[in-house]
Amino acid sequence: AQSVTQPDIHITVSEGASLELRCNYSYGATPYLFWYVQSPGQGLQLLLKYFSGDTLVQGIKGFEAEFKRSQSSFNLRKPSVHWSDAAEYFCAVAPRNTDKLIFGTGTRLQVFP
Amino acid sequence: SQTIHQWPATLVQPVGSPLSLECTVEGTSNPNLYWYRQAAGRGLQLLFYSVGIGQISSEVPQNLSASRPQDRQFILSSKKLLLSDSGFYLCAWSVGNGGRSDTQYFGPGTRLTVL
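What you are looking at is a predicted structure, and each value in this text was computed from that prediction instead of being measured.

Observations regarding the pattern of salt bridges
Here is step 1: Within the structure shown, the criterion is met by eight salt bridges over all chains.
Here is step 2: A salt bridge links B:Glu59 to A:Lys100, with the nearest nitrogen and oxygen atoms 3.1 Å apart. Residue B:Glu59 is located in the loop between β6 (55-58) and β7 (65-70), and its partner A:Lys100 is located in the loop between β10 (87-94) and β11 (102-103); the two belong to separate chains.
Here is step 3: Overall, B:Glu59 belongs to the partly exposed group, its relative accessible area being 30%.
Here is step 4: Given the relative accessible area of 25%, A:Lys100 is considered partly exposed.
Here is step 5: Measuring nitrogen to oxygen at the nearest pair gives 3.3 Å for the salt bridge that ties B:Arg68 to B:Asp71.

Section: the packing of aromatic side chains
In this description, an aromatic ring pair is defined by two values, namely the gap between the centres and the angle between the planes.
Here is step 1: Here the structure, examined in full by the defined rule, presents 16 aromatic pairs over all chains.
Here is step 2: With 6.2 Å between their ring centres and 20° between their planes, B:Tyr34 and B:Tyr49 make a pair best called stacked. In this pair, B:Tyr34 sits in strand β4 (residues 32-38) while B:Tyr49 sits in strand β5 (residues 44-52), placing the two residues 15 residues apart along the sequence.
Here is step 3: B:Tyr34 sits in the buried class, given a relative accessible area of 1%.
Here is step 4: Every member of this aromatic cluster is reached through a ring pair, and the members are A:Tyr32, A:Phe34, A:Tyr36, A:Phe51, A:Phe90, A:Phe103, B:Tyr34, B:Tyr36, B:Tyr49 and B:Phe106.

Considering the side chain of A:Ser73
Residues and elements named next belong to chain A.
Here is step 1: Structurally, Ser73 can be placed in strand β9 (residues 73-78).
Here is step 2: For Ser73, a relative accessible area of 3% corresponds to the buried category.
Here is step 3: Excluding residues that lie within four positions of it along the chain, Ser73 makes contacts with Cys23, Asn24, Tyr25, Glu66, Phe67 and Lys68.

Let's talk about the pairing of β6(B)
All names here are of chain B.
Here is step 1: Bridge count for β5 against β6 is three bridges, and the pairing is antiparallel. From the neighbouring strand, Tyr49 faces β6, where its bridge partner is Ser57.
Here is step 2: The turn linking β5 back onto β6 is made up of two residues, and Gly54 within it adopts a positive phi angle of 75°.

Describing the pairing of strand β5 (residues 32-38) of chain A
Residues and elements named next belong to chain A.
Here is step 1: Counting buried positions over the seven residues of β5 gives seven, a clear majority of the element.
Here is step 2: Side chains Tyr32, Phe34, Tyr36 and Gln38 of β5 all project onto a buried face; the interleaved residues Leu33, Trp35 and Val37 project onto the opposite face, where all are buried too.
Here is step 3: In terms of strand pairing, β5 meets strand β6 (residues 44-50) through six bridges, oriented antiparallel. Each residue of the ladder has a partner; that of Val37, found in β6, is Gln45.
Here is step 4: Linkage of β5 to β6, two consecutive antiparallel strands, is achieved through a turn of five residues, within which Gly41 is found at a positive phi near 75°.

The rules behind the values
- Residues numbered from 1 in each chain as written.
- Chains lettered and ligands numbered in written order.
- Predicted model: local features only at pLDDT ≥ 70, side-chain atom pairs only at ≥ 80, totals over all residues.
- Heavy atoms only, no water.
- Salt bridge = Lys/Arg side-chain N within 4 Å of Asp/Glu carboxyl O.
- Helix = DSSP H or I, 4+ residues; strand = E, 2+ residues; numbered from the N terminus.
- Buried < 20%, exposed > 50% of the residue type's maximum accessible area, 1.4 Å probe, protein only.
- Phe/Tyr/Trp six-rings, centres within 6.5 Å; stacked < 30°, edge-to-face > 60°.
- Contact = heavy atoms within 4.5 Å.
- Pairing = 2+ DSSP bridges.

Here it is in structure tokens:
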């Protein structure tokens, strides 16, 4: 069965530091890949997505993610974190022949000034 | 542009009472619609999805049901709430693509507390 793993439940960084959130998936073929962000009490906002083409994807708010087929990974990165980036981040995959998303359990990001 | 609405934003209900949560989408036609539940400390669990009026697929057996009476309206219901129904309920939509995946866009959510 398809699955998504976000191994880091909680990450704390200082403002201005770089960030990498990990995401690994289990699926036979390359799925569509997504990163969403959720602020407390809010819905999910799409940060970026990968369907095909360039494996380095640029998103909103200065985020980027790199698809690595050999590692079945789609890690999210930001070179310099802002306090407003504190939120929960979800990786999701969608098998290409279905209408459904499979979500990871999320990584909560805390940012210290 | 497309927008998605959910109401109410917050709801506190006693055990055994009925439930009706509503989701509507504007600015698109024949969307796929989804209901998710997010329990505390967990990821998102897909509850129901719909590819058209009256077409509902249930992902997990539970105390809840869904209906799609209109093209852009999706309703989540229960006849008798359980304590375990507490959580954050999110509605989402995507472009109807004949079974192929596309980006899902989420509503603001409804916080349900069952006491």
